[in-house]
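Descriptive structure summary
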Amino acid sequence: MADIIYTYAGSAYMNITNKCPCSCIFCIRSNGDGLGSAETLWHKKDPSFEEIKAEIDAFDFSPYNEVVFCGYGEPTQALDNLIETAKYLKEKHGLKIRLNSNGLSDLINSKPTAQLLEGIVDCISISLNAPDSESYQRVTRSKFGEKAYPALLKFAEECKKYIPSVKFTVVDVITPEEIEKCKEISEKMGIPLRIRKWIK
Ligand code: SF4
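In this report, we go over the structure that sits alongside the text. Note that this is a predicted model, so its numbers are computed, not measured.

**Digging into a negative patch on the surface**
Residues E50, E51, D80 and E84 make up a contiguous surface patch of negative charge. Elements that contribute at least two residues to the negative patch include exactly α1 (49–58) and α2 (79–93). Position of E51 among the secondary structure elements: in helix α1. Given a relative accessible area of 38%, E51 falls into the partly exposed group.

Spelled out as structure tokens, the structure:
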């Protein structure tokens, strides 16, 4: 069975789904089955809340004050489990919740979703990936096509109303000119940008 909770570089992570509407050119999933303490992050079937809860109850969270939802899939693909699990982690262990997301939750769930994360997610890191729809599609190969990029920007704007800390990331697979344009978008939207190194 795949690990639902794993540790990596001193942090604890939740791997609650393998579903994702993208196929990013830099996706860590193509590097191997496991990461950090996890032998495999590939579920045979996405876990139910009961299965997630059982792993939480068996895990020692005492060294951690935060848990990150980030695994081999986009956490908002399992939105109900994400919300229920984050609530449980907060109530039971008083943990801060960080969500790493591709920002396509509204398209994935066919409804506005940022408000549903209010009081549940403390910090969200959204993969901006590119400065425009065309380059975004080149990098992410999203199944939503040209709808994806504007939906991501709208979701990020909405998140500012409901989540205390919102950040953008790009991976340095795009050109320096594109990174500069991403910085401009971040500044205009008032969302800090982190540039990540591509882990090959
Ligand atoms: S959005 Fe994340 S999980 Fe999905 S393909 Fe891209 S990097 Fe991989």
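**Observations concerning the side chain of T17**
If you trace the backbone, T17 turns up in the loop between β2 (11–14) and α1. By relative accessible area, T17 is classed as buried at 2%. One polar contact links the side chain of T17 to the main-chain amide nitrogen of K19, over a distance of 3.0 Å. Polar contacts involving the side chain of T17 include one to the side chain of D46, which spans 2.4 Å. Residues in contact with T17, not counting those within four places in the same chain, are H43, D46, Y72, G73, E74, P75, Q77 and A78.

**Regarding the sheet that holds strand β7 (residues 193–196)**
The sheet built from seven strands is open, its strands ordered β1-β2-β3-β4-β5-β6-β7 with mixed pairing. At either end of the open sheet lies a strand with only one pairing partner, and these are β1 (5–8) and β7. Here the strands of the sheet are splayed against their neighbours by 25 degrees on average, with no regard to which way each runs. The pairing of strand β3 (residues 66–69) with strand β4 (residues 96–101) spans four bridges and is parallel. Residue pairing in the sheet places V67 in a bridge with I97 of β4. Against the sheet, helix α6 (residues 176–189) engages β6 (165–171) and β7, with an angle of about 155 degrees to β7.

**Remarks on α6**
The periodicity of an α-helix, 3.6 residues per turn, causes residues three or four positions apart to be oriented the same way. Compared with the 20 Å implied by 1.5 Å per residue over 14 residues, the 20 Å span of α6 between its first and last C-alpha is a close match. Within α6, the full set of buried residues consists of E178, I179, C182, I185, S186 and M189. Along the axis of α6, the buried residues cluster in a sector spanning 115 degrees; they form a single face. The exposed residues of α6 that point more than 90 degrees off its buried face are P176, E177, E184, E187 and K188. Residues of α6 that are buried in the fold lie against α4 (133–140), α5 (148–162), β6 and β7. The first or second residue beyond α6 is G190, which carries a positive phi of 70 degrees.

**Digging into the site of the ligand**
In the vicinity of the ligand, the contacting residues are C20, C22, S23, C24, F26, C27, R29 and N102. Its residues placed into classes, the shell around the ligand shows five nonpolar, two polar and one charged.

Reading guide: rules and limits
Residues numbered from 1 in each chain as written. Predicted model: local features only at pLDDT ≥ 70, side-chain atom pairs only at ≥ 80, totals over all residues. Heavy atoms only, no water. Patch = residues over 30% accessible without salt bridge, like charges linked within 9 Å, V, L, I, M, F, W, Y side chains within 5 Å. Areas by Shrake-Rupley, 256 points an atom, 1.4 Å probe, with all protein chains shown as cover. Salt bridge = Lys/Arg side-chain N within 4 Å of Asp/Glu carboxyl O. Lys, Arg positive; Asp, Glu negative; His and termini not counted. Charge placed at Lys NZ, Arg CZ, Asp CG, Glu CD. Helix = DSSP H or I, 4+ residues; strand = E, 2+ residues; numbered from the N terminus. Buried < 20%, exposed > 50% of the residue type's maximum accessible area, 1.4 Å probe, protein only. Polar contact = N/O pair within 3.5 Å; in protein donor to acceptor, adjacent residues only side chain to side chain. Contact = heavy atoms within 4.5 Å. Pairing = 2+ DSSP bridges. Axes fitted to C-alpha atoms, helices over the stretch in contact; angles between N-to-C directions. Expected span 1.5 Å × (residues − 1). Arc of directions from axis to C-beta. Near = heavy atom within 4 Å. Nonpolar A, V, L, I, M, F, W, Y, C, P; charged D, E, K, R; others polar.

Nothing here speaks to function; it is all geometry.
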